[in-house]
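Summary of the model geometry
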Amino acid sequence: IGGYIGGDVVGDIVTSGMLEDSIALLLDLGTNGEIVLKKGEEIYATSVPAGPAFEGVGLSAGMLATEGAINRFFSVKGRIEYTTLGNVEPKGICGSGYIDLLAELLRNGVLQKNGKLKDGPYVKKKGGILEYVVEEGIGLTQKDIRKLQLAIAAFKTGLHILFSKTKTLPKDLERVYVAGSFGYSLNPYNAIEIGLLPKVELSKVEFIGNGSLAGAILYLVSEEVREECKNLYGKIKVLEAPLEKDFQYLFLKNLAFEPIG
């Protein structure tokens, strides 16, 4: 369809069922993030260079969502606790865990909205860099936070551009579909808190998993879906987010961990 907007996004669209909605949003959270907004008969799409931080790549304790990965954080009596995949000893933190941890640190006043860690009981200096220590050898450093900020800001900027172009507000959305394996473990409340998802009622958020694969299967077995996919190519309007005149300004503004809407 356009630069970085390909067949995987078409698969997400037909899998989600968003074509039946009046106003709906689709986000495919990955290294190259895609965002689709349907409003009435019009469909807009953009891609954003999020980078691999959501897969844990390049982060000090980052790992894929496999056994031993911390996938959830939550507060218990002022202490931030966690669970791991497989209920085993922690080996690192996966993408959904990082989203939870950022939100919990914000709520507990350990992390400022500008992304700076504050001094606290579990905040130590390691090699001159502040780090929130989860367990021995596992933590969230100031460098990690910056990388996550960049990934989240890319999505927030793409959302702002689509909302602005279509004169849409988050409250107008009937559904928000989240695609990608990362989405299954994502806590929507925390994702909204840091601005990765727009501020909507939690009941409106739906996780569709690997929409690209499901869409490919539908394409193979259904003539109706094949026809629908062919029609989509001519209907979707692609916005090149990084080429928008306000992209740099919006990107810098969106580095703050704040909800959208």
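Residues numbered from 1 in each chain as written. Predicted model: local features only at pLDDT ≥ 70, side-chain atom pairs only at ≥ 80, totals over all residues. Heavy atoms only, no water.

Turning our eyes to something else, we now look at the overall build of the protein. Regarding its fold elements, the protein presents eight helices and 12 strands. In summary, the protein has a C-alpha radius of gyration of 19 Å against a globular reference of 18 Å for 261 residues, a match within 12%. In terms of its C-alpha atoms, the protein occupies a principal-axis envelope of roughly 55 × 40 × 30 Å. The contacts in the protein between residues at least 6 apart in sequence include a share of 68% that link residues at least 24 apart. (Helix = DSSP H or I, 4+ residues; strand = E, 2+ residues; numbered from the N terminus. Rg over C-alpha atoms; globule rule 2.2 N^0.38 Å. Contact = heavy atoms within 4.5 Å.)

To continue, consider the packing of aromatic side chains. If you walk through the whole model with that rule in mind, you get four aromatic pairs. Here the aromatic rings of Phe-54 and Phe-155 are separated by 6.0 Å at their centres, their planes lie at 45°, and the arrangement is tilted. Taken together, the residues span a long stretch of sequence, with Phe-54 in the loop between strand 3 (42–49) and strand 4 (69–76) and Phe-155 in helix 3 (residues 142–166) at a distance of 101 residues. For Phe-54, a relative accessible area of 3% translates into the label buried. (Phe/Tyr/Trp six-rings, centres within 6.5 Å; stacked < 30°, edge-to-face > 60°. Buried < 20%, exposed > 50% of the residue type's maximum accessible area, 1.4 Å probe, protein only.)

With that out of the way, let us pick up the sheet that holds strand 6 (residues 92–93). The strands making up a sheet associate through hydrogen bonds between their backbones, and the pairing can be parallel or antiparallel. Reading across the sheet, the three strands line up as 5-4-6 and stay open at both edges, with mixed pairing between neighbours. Whereas interior strands pair on both sides, the edge strands pair on one side only; in this sheet they are strand 5 (79–84) and strand 6. Examined bridge by bridge, strand 4 and strand 5 share six bridges and lie antiparallel to one another. Within the sheet, the bridge partner assigned to Phe-74 lies in strand 5 and is Glu-81. Running at roughly 20° to strand 4, helix 2 (residues 95–107) makes contact with strand 4, strand 5 and strand 6 of the sheet. (Pairing = 2+ DSSP bridges. Axes fitted to C-alpha atoms, helices over the stretch in contact; angles between N-to-C directions.)

On to the pairing of strand 9 (residues 138–141). Burial along strand 9 is two-sided: Ile-138 and Leu-140 facing one way and Gly-139 and Thr-141 facing the other are all buried. In terms of strand pairing, strand 8 (residues 129–135) meets strand 9 through four bridges, oriented antiparallel. If you follow Glu-131 over to strand 9, its bridge partner there is Thr-141. Connecting the antiparallel pair strand 8 and strand 9 is a turn made up of two residues, with Gly-137 showing a positive phi of about 85°.

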